[in-house]
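What follows is each chain in one-letter form.
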Amino acid sequence: MQAEWEWLIPLFVITLAFFGCTLFVYFGELYRFDPDWGPVRKFDSSGKEDLGINQLLIHRHLERTRAEAATAKQENYGSIGVPTWGVIEAPWQKRELMWDPNLKQEVYVKRGFTDTQYLRAHSTWWGRDEPTYIQNAGLAAPALTVNDFCGDLVQQRMAV
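Keep in mind the model is a prediction, meaning the values are calculated, not measured.

**A look at the packing of aromatic side chains**
Link 1 in the chain: In this structure the tally under the stated criterion is three aromatic pairs.
Link 2 in the chain: Between tyrosine 26 and phenylalanine 27 the ring centres are 5.1 Å apart and the planes differ by 75 degrees, which places this aromatic pair in the edge-to-face class.
Link 3 in the chain: Taking the relative accessible area as the measure of exposure, tyrosine 26 reaches 53% and is therefore exposed.
Link 4 in the chain: With a relative accessible area of 64%, phenylalanine 27 lands in the exposed category.

Take a look at the structure:
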């Protein structure tokens, strides 16, 4: 089956003319002359009175919370704000501003921090420095050897 050139060539010319006109209208920005062209000024629904009241209440609540947050002094841990992992501190721990003659600047000293360290060390859920606890318990890993057979005990190896 062969293509019929008497139909194919005029169709190709019409297609090129259509795309040419489309590109001319687009790059020449001629579509802006259409009076119906423009930004959407009204959507499907402008909302009811209840919507405006709810938005006002949400706005007032937001402003009230921002004002309360600005007045409340909050301890932060870096830039993330309140610690997500919880807090365990001695209740009598205080931060005091002192002058350090070695640094020649003011520094914060945490009075009662040793009590906080004790509470954290004896807590069941606070994160620990595992290598230190393993060393304090007198545990140690066996010494490494060149031809250790433990590598052959692995059930699923990535490469053989």
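**Here we look at unusual backbone geometry**
Link 1 in the chain: Of note in the backbone geometry, glutamate 29 takes a positive phi value of approximately 55 degrees without being a glycine.
Link 2 in the chain: Mapping glutamate 29 onto the fold places it in the loop between helix 1 (5-27) and helix 2 (49-71).
Link 3 in the chain: Taking relative accessible area as the criterion, glutamate 29 reaches 38% and is therefore assigned partly exposed.
Link 4 in the chain: Residues other than glycine seldom take positive phi values, yet lysine 104 does so here, at roughly 60 degrees.
Link 5 in the chain: Position of lysine 104 relative to the elements: it lies in the loop between strand 1 (94-100) and strand 2 (105-111).

**A closer look at the pattern of salt bridges**
Link 1 in the chain: Applying the stated criterion across every chain, the model contains three salt bridges.
Link 2 in the chain: Here arginine 66 ties to glutamate 63 by a salt bridge, and the two come within 3.8 Å at their closest N and O atoms. Remark: glutamate 63 and arginine 66 occur in helix 2; sequence separation between them is three residues, near one turn of the helix.
Link 3 in the chain: With a closest N to O distance of 3.1 Å, arginine 111 and glutamate 96 form a salt bridge. Taken together, the residues arginine 111 in strand 2 and glutamate 96 in strand 1 connect sequence positions 15 residues apart.
Link 4 in the chain: Here arginine 111 falls in the partly exposed class, since its relative accessible area comes to 40%.

Calculation rules
- Residues numbered from 1 in each chain as written.
- Predicted model: local features only at pLDDT ≥ 70, side-chain atom pairs only at ≥ 80, totals over all residues.
- Heavy atoms only, no water.
- Phe/Tyr/Trp six-rings, centres within 6.5 Å; stacked < 30°, edge-to-face > 60°.
- Buried < 20%, exposed > 50% of the residue type's maximum accessible area, 1.4 Å probe, protein only.
- Helix = DSSP H or I, 4+ residues; strand = E, 2+ residues; numbered from the N terminus.
- Salt bridge = Lys/Arg side-chain N within 4 Å of Asp/Glu carboxyl O.

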